[in-house]
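Summary of structural features
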Amino acid sequence: MLLEECTTKLKLNTAARRVFLANGEEVFEPKDIPHNADVYISSSEAFVDPLKEVKDHLSLTKEASWTVNGVLLPADGKRGKTKVSLSQRLRRLGSKAAVRVVVFKNGAGADGCEVTAALDQMEKFLDICTVRLDLTSPAKCVYDWEGNRIEDLSHVPLLDSCLQNSPTPLRGPVWVSKGEWFSPTGAKLYIQGVLWALHQKLKPAKHHMKQLNFALDNCLEKVSQKEVLSLTTEELYNDLEHVNKSIDELQAAIKKHRGQLSKLALQLQAEGEQRTGYVFQHIKQLSPDSSLPKGLQLKVYENGHETGETLVYINRKELEKGCGNDINLMMDRLLQMIHQRLQSSPGYSPSGLKLIPAFLFDEQGAVIQNPLLLQNEQKVWVSHGEDYRSPYNPVLILTFEKVIAVDNGDDRAVFKTVLDPEAQLPVGFKKWEACVSFPSNYVLAQAGHHHLQERVDIDSHFLQLKEDPQMVLFGSAKIEKRSTIARPRQKDNQSYSEATSPVWPLSHVWIITKAGAILSKAVPQFCLAACPQPVTLKAGDGTSIEAYKLSIQKRVSSCLHQQWGFGKDGHIFSKAHCEFVLTYLEELNVREEVTQRERHNHHGARPAQWQEADSSAAEEVSGYNVSDTNQKQVPRPIDTQLMPPGALGEGAQLTVALVRKREDKHPKAPAQRWAIRHEGIGKVGQWKHSRVGNPLWNKLTYMWPVLPEGQLNEAFSWPLEGSLISNAPPLTSAPSGRQKGYVPVRLRVLRNGQRVETQATAVTAPDITSLLHTHRKPVTSSKKQKDLKDNQTHRALEDDSSIKIHRLEFQQFLERCTLLLNLPFAARRLFDKEGKELFLLKDLQRDQLVYISCGEQWINPQLSRAEQEKRTLLNGLESDVSQIRNYCAMRGPQDLVLEVVGKVVEGSELIVSPCSVASHDKSEEDEPEAQQLEEMSDETVGEDILDVLTENSHTKAHRKIDERRAVFKYPWQKDPEYSEDEAQGCQDGKEGHFTDMALYNNYRPRSKNGRTPQSSRQQFDFREGQIVNVSFPELALGVPGEGPQAGTHIQLVQKNPNDTRQRWILREEDRTFHLLSDPGLVLAVSLPKIKPGDTDTRVHLNRCSVVLQKYKPYSYGVANQKWGWMADLKVLSAFYTTETDQEITAANQAALCTYSVTGLEELHQQGFYITRPGHSGKMTVCPACARALRGKRILNKLPPDASFCCASGRQDSGLSPLGPFKSLSVAKTNLSTAEAESTLAYLQEMLTSLRKETSVQTIAQEVSAARTQSPVKILARRNGLGYEGGQLVTATTMSMLLSMCTQKLQLSRAACRLYTADGRPMLTVPQLKAWAVNACFQEHERDSEGSQVQMDKEEEDRVEEGGPEPSETGKTSPRAELLPQVTTEDLDTVDETLLALILRNPIDVWVSCGEPFLPIHVVHRRQRLLKEKWLQKEKVLADLDIKRHKMRHLQGRRFASLTPGSMMPTKSPTQPVVVEGGWTEVTREEVKLMEDVQNVEVHLSEVEAMQAKKLKPFLNKLLKNPRDLYTQPSVKRVLMYLNGDAKEVSYVWGKNINELLANGTARLHMSRPAEILYTPDGKELSTWEEIERDMLICVSSGESFISTKENRRKIEIRANYARVRKAHGPDATNIVVRVKESPSGNVEAGSRFLAVPYTEDLLQTTEKH
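Computed from a prediction, not measured in an experiment: that's the story for all the values here.

1. Side note on the overall build of the protein
When helices and strands are counted, the protein shows 38 helices and 67 strands. Counting across all 1665 residues of the protein, residues that qualify as buried make up 38%. Expressed as a percentage of contacts within the protein between residues at least 6 apart in sequence, the contacts between residues at least 24 apart total 67%. Accessible surface, the protein as shown: approximately 98500 Å² in total, 51% of it carbon and sulfur.

Below, the structure is given as structure tokens:
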């Protein structure tokens, strides 16, 4: 028994036969084995001591001794074999010869670097040079200092010994190029630098040699180096010899470098003459006779910017090439050219949704739609989807003009005049004096001596220079367009006054006080004021507008015209004229019609309010620093112009005035909205205190001094300082239909596998809010939707469009990551921090950390470097295995023939599929079986009905969109398809429901006979150059449309012998079909495309489409173009060629090297060759290796008659041994005909083992196995799919079972429930085992006749015939129900051998993602009822449409004939004449047809009524009892928490208490199943009626109710108990309390005596008692 148990436990290959003790003594009896002794079991071999090597090593260590000459072993000791301590990987790395090379950038002789690489890794060397030299594009060429291109690193010469800096030899120098020609300037600079360094070494060496010679000649007084005096004679000679050798090396090196510099003289001279064109001399120049296309140069600016122009050169010929007269196509090409140019410009970052430009605007803001109208040197502004934003802002500024006073006899007149251009005016406001009227100390001038312009009111306010009273300026306010960088816009059509106005600093900055004054920052004595007299303005449409001019006046605190108010809608109004607001007049297109009304002359004394001091304005701004205007500033020259034309006194055009307020919706309303933008460096961040509802104001850093309620904003630091900007956005954002709550997310992005999170790059997703608003379809509110199904379809379509927009957002986010992270390839995949792949961005959080990948799998950054390399190797091996798997799937296509897709009608496409045509030599007995298989294949069409029933909303939306886009066909155009006779249930007992039994019998569902058999779709005949279908000879294979091209799909067309696009040329020697209209195109099979990095998709040649391809004149690699005509079966066999040809074709398609398939055998195949400098031969490579070498080597195509074998498999080729692989070697991978499958199996096994080593789930399985938990095997299937798609899953815990089910069944959501065949949910693994034991016992008690599948089918048929439905608890016999049920507690009592025998077979379970269990018979019943309903109506609807169409034709013919009727006399006095016949009389055929139509419509309504009765039982109940419409559904939602812990609350749904308990166990992750429900007060819930919706419920696993307070109290007691024992020892809690009196007395509840901390007083008190 011991030997048998040991054989089983130790899993020995052979039976155990001998037992040994630890000392090697063999045991024959059980009594000879000591208690708890270690024994060793043998399968008949002799005893082997496991500690022998350790003992020998220890004894050898003790007896051996270390000596000077090494280790001294004992005399009798035997020396063992030495073992290398290095791993095989390190030994392989050490065996590879690596070299150190000095590299420089092409054209540079400094800032070089040292690169280490293997001799056979030229590509890796170039990649390292690209990184180390920080090249903008990959390195492609390497040159030596003579300009020779280096193809092999072994050809790089060694540096001179005097330039070596380490024992490892250094090679070089070499210059790395990005593809341009060698530049000798870099070699010149390098040689000059080396010569300087050599001379610096040579000078001290010669001096040292002289010192040594002086010492040897005993001229010690000439020796200046003390170390030379200390040397002996022998040392002096040795040192002298060493110095002479160094000098010789230095001089030889200097001579060598000087010689090389002289060799470069011609190249340097050529480079100096050609300049930058020298390095591009390998590019061919255009001939002088070639006509150069005209070009177009555009100045491109970013939308809303005036600076940062980018010059874009457009070739008009390239722009118009292939576009014809299509202006839109030209515009798209122009935008693409501009996009390519902008991408290369520094700092380019698109601001809109799209990454490419969407619109172009001119200087006026108009959209450019015709690129042919663009002019050279034209300025354009590019937009990426957003609206036009002007680069200029209209800003209110203060201007001054010189005025003079002229003596007009009795009166003085003031005019504007021209200012001297050489005049230097001081700018500081302290040097000027503000005057209310014209200064009295001014000396009047004569009118004839000055150029007089516009006349100015003498009572206006002026500015007089204190040093020169004759210098008087008149101030005015106007609008000037300034750029965003505070620089005024330069106009070509500036007015005369604008040109002569002095440019004052800070003239556009205003100071706004709380009192409502708007002072000038440049001259604080002046402020804005409204003129008291109105003016009349004339609009462009001729209407007159009343307005008030805006003037500049000296500041007076009591003047109402100088006080301004700010409205809550962005308006600025004068308190003297509250109904008039400040308006930008250029937007209104108005001009002044009538000048200011005639005023009275004021020759008297000035009013008292103007007798204030000039410094009153400065006192008004209490303590406000007026910045640099008080200091001395450099005076600026003022430009002047000649006097403008026009009459004297002609007024200038107004740009700003006070106009009546317009409505908010008026198109010119923005001209009356203003904003304040902070200027200067003081009080930075004032705009943040603004309370404006429109977020655009915060983006533009605008501010407004008024709150939304109308009060002043006290949060500002008053007074405010800034510029006044017109055309401001509204203060409140208008309500729109944009999607609320969606903001472009900003993510922190790291490269795949990158560890340091602080190096993450912030990438913001594009703004798609406007796109979501555009694609949202509004719901019509005019009438209610008639059907709930239409409403659901609308929502599904809307969700589908939003999903597409979010996918677009995801793709553009990947493109931005590619640019910002400088990835080597395009970003393709996105992962979160846990490694979960992300497909959309809408559910991500702001600043969430994500990892970007270029297509490879996720690499955990927490893993070590070795683990990451192992994962990378695993990903590479997985890609290689996927390629080999695809090759094996395509290399042996058999029995694939040409077949028509679907029905044999005109326009049907063709594919290849397995041949179903039987040969003539087969017996007729096989025909029924073939027909049965064909019918089964036809029946598979209806299997998708179940998918329709169980599909989600997203899939349903896609299906409905496809249905809407289907081409409409009239009923008579459709080919009727009638199903088989499976609706017999509608024949019995239903005749009474129909009025016309003849119609019922006519439209009864019949057997399906309209579908074309598969054999007829595969049989073709080649006659007279045409390939026609045997069953339909009028249809032939042809090419639709004009001008057949490669890639065009072949279709069935109407036979036309004269059409060359239907005629084919059969070349029997090549087995190809050539198109007669273009013999260069042949009939071919379109092989499936394989995406790079796709390791999950399995390719199949079955059902591949048939297309036109260009003829390839090769013997191998073109199997998809070879066809075989089988005359006996009348089929065209695809891939009708040799096995080698098929394998080479599959290898080329799967991107495998053909060397792995055929080895050194030379084949006539497609290939390329590589030329190497210094080698006469050519290296030939296959197409797969050529794709891998693309961009690294110069590839040339081989001639069509070349035969070769790929050079990637030869070791002397110098190419990478990997070839197209990532981990495998081409030479070591045998994919020949006999070894391909074995190689694939071996690699898959190795890949599986590597996955287990690196899989976290495998580690969890090993940990679970270490706990000695017996695993359980299940056969998992999807809920609702019956017995299809079972997957074997083995695990030890329920969580692992659910996780593996999710992975193997490829569920869209995580699996959360397991159901057995009887519909019971399995919550734990013991419960699953117990169910399996009970099912095994019941199976033995059932009737042995028939299997369970047959019983299910019989039960299903019985249900459909009207019998009762089976119960959810399963279908068991009465005797089986009487058997005792095994529970989870009884599993320990079951025999282990019996339990292992039962659990050997997998348990059938159905996996659910949260939905209830769907029994199999219910699914089949739904499918059959759906078929039955549609088949009853199909033929009726088709016939009804035909009759209606025929009726319309009859009526149309009668109306079109216009046949006159005959007038027949009658004897009736009331109607003596009757018209008979003619086109107005209905014919008998029409009357008969109308009756038939009415009868069919009545029959159709009866069929629909009958189907509506049995559609859904609960609908009938709702119709019978309308009150049930208001009853609530049986499913209730409650809030559930664990007993004693109310912190974690979760929603739980259920139809009854048992379902609530089951769902609560899963939702709350309870360790044991839930059993009892309580209210928060502790009342137990036992009935379903006691549970209300959204009720708070406490769930328990069987224990009594515990409140949160009591649970916390228990925790505190345990904590105090533990603290006492920890502080005072374990005896501190051994306290016994004895009650002497009244032992039965009441004790106070809730005593915490045991929780009281231990003290000595407490112990004494206890002893007293």
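On we go from here.
2. Quick look at the sheet that holds strand S10 (residues 295-302)
The sheet built from 4 strands is open, its strands ordered S11-S10-S13-S12 with mixed pairing. Bordering the open sheet on either side are strand S11 (310-315) and strand S12 (359-361), each of which pairs with just one other strand. Going from strand to strand, the sheet's axes swing by 40° on average, the running direction of each strand aside. Sheet strands in contact with helix H10 (residues 327-343) are S10, S11, S12 and strand S13 (378-383), and its direction is about 135° off that of S11.

3. Section: the sheet that holds strand S2 (residues 26-27)
What the 3 strands build is an open sheet, ordered S2-S1-S3; its pairing is antiparallel. In this open sheet, the two edge strands, each paired with only one partner strand, are S2 and strand S3 (39-42). Where strand S1 (residues 18-21) and S2 come together, 2 bridges link them in antiparallel fashion. Bridge pairing in S2 links Phe-20 to Glu-26.

4. Observations concerning the environment of Leu-1066
Relative to the helices and strands, Leu-1066 resides in strand S45 (residues 1064-1067). With a relative accessible area of 28%, Leu-1066 lands in the partly exposed category. Residues Leu-1066 and Phe-1022, 44 residues apart in the sequence, show an inter-C-alpha distance of 9.4 Å. Each residue touching Leu-1066, except ones within four places of it in the same chain, is listed here: Phe-1022, Thr-1072 and Phe-1073.

5. Considering the packing of helix H5 (residues 184-216) against helix H7 (residues 233-263)
Contact geometry for H5 and H7: axes closest at 9 Å, N-to-C directions at 155°. The orientation of H5 with respect to H7, classified from their angle, is roughly antiparallel. As H5 packs across H7, the resulting crossing turns out to be left-handed. Of the residues contributing to the contact of H5 with H7, the split by class is 19 nonpolar, 8 polar and 5 charged.

6. Quick notes on unusual backbone geometry
With an omega of 0°, the peptide bond running from Gly-172 to Pro-173 counts as cis. Positive phi is not limited to glycine here, since Glu-377 has a value of about 65°. Take Glu-377: it is sitting in the loop between S12 and S13. Of note in this structure, His-1565 is not a glycine but carries a positive phi near 55°.

7. Regarding the nonpolar core
Ile-884, Tyr-887, Leu-1037, Ile-1050, Trp-1064 and Trp-1123 are the most contacted members of the largest nonpolar core, which totals 66 residues. Counting residues per element, this core draws most heavily on helix H17 (residues 865-890), at 7 residues. Among all residues touching Trp-1123, those that are not within four sequence positions of it are Leu-898, Val-912, Arg-1071, Phe-1073, Leu-1083, Ala-1084, Val-1085, Val-1106, Leu-1132, Ser-1133, Ala-1134 and Tyr-1136.

8. Topic: the packing of H5 against helix H8 (residues 265-274)
Remark: H5 packs on H8, axes separated minimally by 9 Å, with the N-to-C direction vectors making an angle of 125°. The angle between H5 and H8 places the two elements in the oblique class. Where H5 crosses over H8, the two elements pack in a sense that is left-handed. Residues Pro-184, Thr-185 and Lys-188 of H5 form the contact with H8, whose own contacting residues are Gln-267, Leu-268 and Glu-271. The class makeup of the residues in the contact of H5 with H8 is 2 nonpolar, 2 polar and 2 charged.

9. Let's talk about H7
Here H7 is 31 residues long and its end C-alpha atoms lie 45 Å apart, about the 45 Å a rise of 1.5 Å per residue gives. By the burial criterion, the buried members of H7 are Leu-236, Leu-240, Val-243, Ile-247, Leu-250, Ala-253, Ile-254, His-257 and Gln-260. Buried residues along H7 sit against H5 and helix H6 (226-229).

10. Notes on helix H36 (residues 1553-1563)
Because each turn of an α-helix spans 3.6 residues, side chains separated by three or four positions end up pointing in the same direction. All of the buried residues along H36 are Ile-1553, Leu-1556, Leu-1557, Ala-1558, Asn-1559, Gly-1560 and Thr-1561. For H36, the elements touching its buried residues are strand S58 (1313-1315), strand S63 (1532-1538), strand S64 (1541-1550), strand S65 (1572-1574) and strand S67 (1592-1596). For H36, the capping residue at the N-terminal end is Asn-1552, with a side-chain oxygen 3.4 Å from the backbone nitrogen of Asn-1554.

11. So, the pattern of salt bridges
Close approach of charged atoms allows side chains with opposite charge to pair. Counted according to the given criterion, the structure contains 28 salt bridges. Ionic pairing is found between Asp-847 and Arg-746, a salt bridge with its closest N-O pair at 2.8 Å. Separated by 101 residues along the polypeptide, Asp-847 in the loop between strand S37 (837-838) and strand S38 (849-853) and Arg-746 in strand S34 (residues 746-751) bring together distant segments of the chain. Residue Asp-847 is classed as partly exposed on the basis of its relative accessible area, which comes to 29%.

12. Points about the packing of aromatic side chains
For the structure on display, the rule yields 23 aromatic pairs. By way of ring pairs, the aromatic residues Phe-104, Tyr-143, Trp-175, Phe-182 and Tyr-190 are connected into one cluster. In this structure, Arg-1067 packs its charged tip against the face of Tyr-1111, placed 5.9 Å from the ring centre.

13. A short note on the side chain of Ser-1105
With respect to the secondary-structure elements, Ser-1105 resides in strand S48 (residues 1104-1110). Setting aside its immediate chain neighbours within four residues, Ser-1105 contacts Leu-910, Ile-911, His-1049, Ala-1084, Val-1085 and Ser-1086.

14. Focus: the state of the cysteines
By the definition in use, this model includes 0 disulfides. Cysteine Cys-113 remains unbridged, with the sulfur of Cys-129 as its closest cysteine sulfur at 6.3 Å. No disulfide involves Cys-1206; its sulfur sits 3.4 Å from that of Cys-1153, the nearest cysteine. Using a relative accessible area of 1% as the deciding quantity, one classes Cys-1206 as buried.

15. Quick notes on the confidence of the model for the protein
Model confidence for the protein is summarised by a mean pLDDT of 76, while 74% of its residues fall at 70 or above. Taken element by element, the protein is modelled with least confidence in strand S29 (residues 636-637), mean pLDDT 34, and with most confidence in strand S47 (residues 1081-1085), mean pLDDT 93. pLDDT under 50 marks residues 971-992. Its contacts with residues more than four places away, or in other chains, come to 48 contacts. For the stretch residues 1256-1268, pLDDT sits under 50, and the model shows 10 contacts to residues farther than four places along the chain or on other chains.

16. Topic: a nonpolar patch on the surface
On the surface, a cluster of nonpolar side chains totalling about 270 Å² of accessible area is made up of Leu-51, Val-54 and Leu-58. Take Leu-58: it is sitting in helix H2 (residues 52-63). The partly exposed category is assigned to Leu-58, whose relative accessible area is 47%.

How each quantity is defined
- Residues numbered from 1 in each chain as written.
- Predicted model: local features only at pLDDT ≥ 70, side-chain atom pairs only at ≥ 80, totals over all residues.
- Heavy atoms only, no water.
- Helix = DSSP H or I, 4+ residues; strand = E, 2+ residues; numbered from the N terminus.
- Buried < 20%, exposed > 50% of the residue type's maximum accessible area, 1.4 Å probe, protein only.
- Contact = heavy atoms within 4.5 Å.
- Areas by Shrake-Rupley, 256 points an atom, 1.4 Å probe, with all protein chains shown as cover.
- Pairing = 2+ DSSP bridges.
- Axes fitted to C-alpha atoms, helices over the stretch in contact; angles between N-to-C directions.
- Parallel < 35°, antiparallel > 145°, perpendicular 65-115°, else oblique.
- Left-handed = near helix turned anticlockwise from the far one by under 90°.
- Nonpolar A, V, L, I, M, F, W, Y, C, P; charged D, E, K, R; others polar.
- Core = buried A, V, L, I, M, F, W, Y, C linked by side-chain atoms within 4.5 Å.
- Expected span 1.5 Å × (residues − 1).
- Polar contact = N/O pair within 3.5 Å; in protein donor to acceptor, adjacent residues only side chain to side chain.
- Salt bridge = Lys/Arg side-chain N within 4 Å of Asp/Glu carboxyl O.
- Phe/Tyr/Trp six-rings, centres within 6.5 Å; stacked < 30°, edge-to-face > 60°.
- Lys NZ or Arg CZ within 6 Å of the ring centre and 35° of its normal.
- Disulfide = S-S within 2.5 Å.
- pLDDT = per-residue confidence, 0-100.
- Patch = residues over 30% accessible without salt bridge, like charges linked within 9 Å, V, L, I, M, F, W, Y side chains within 5 Å.

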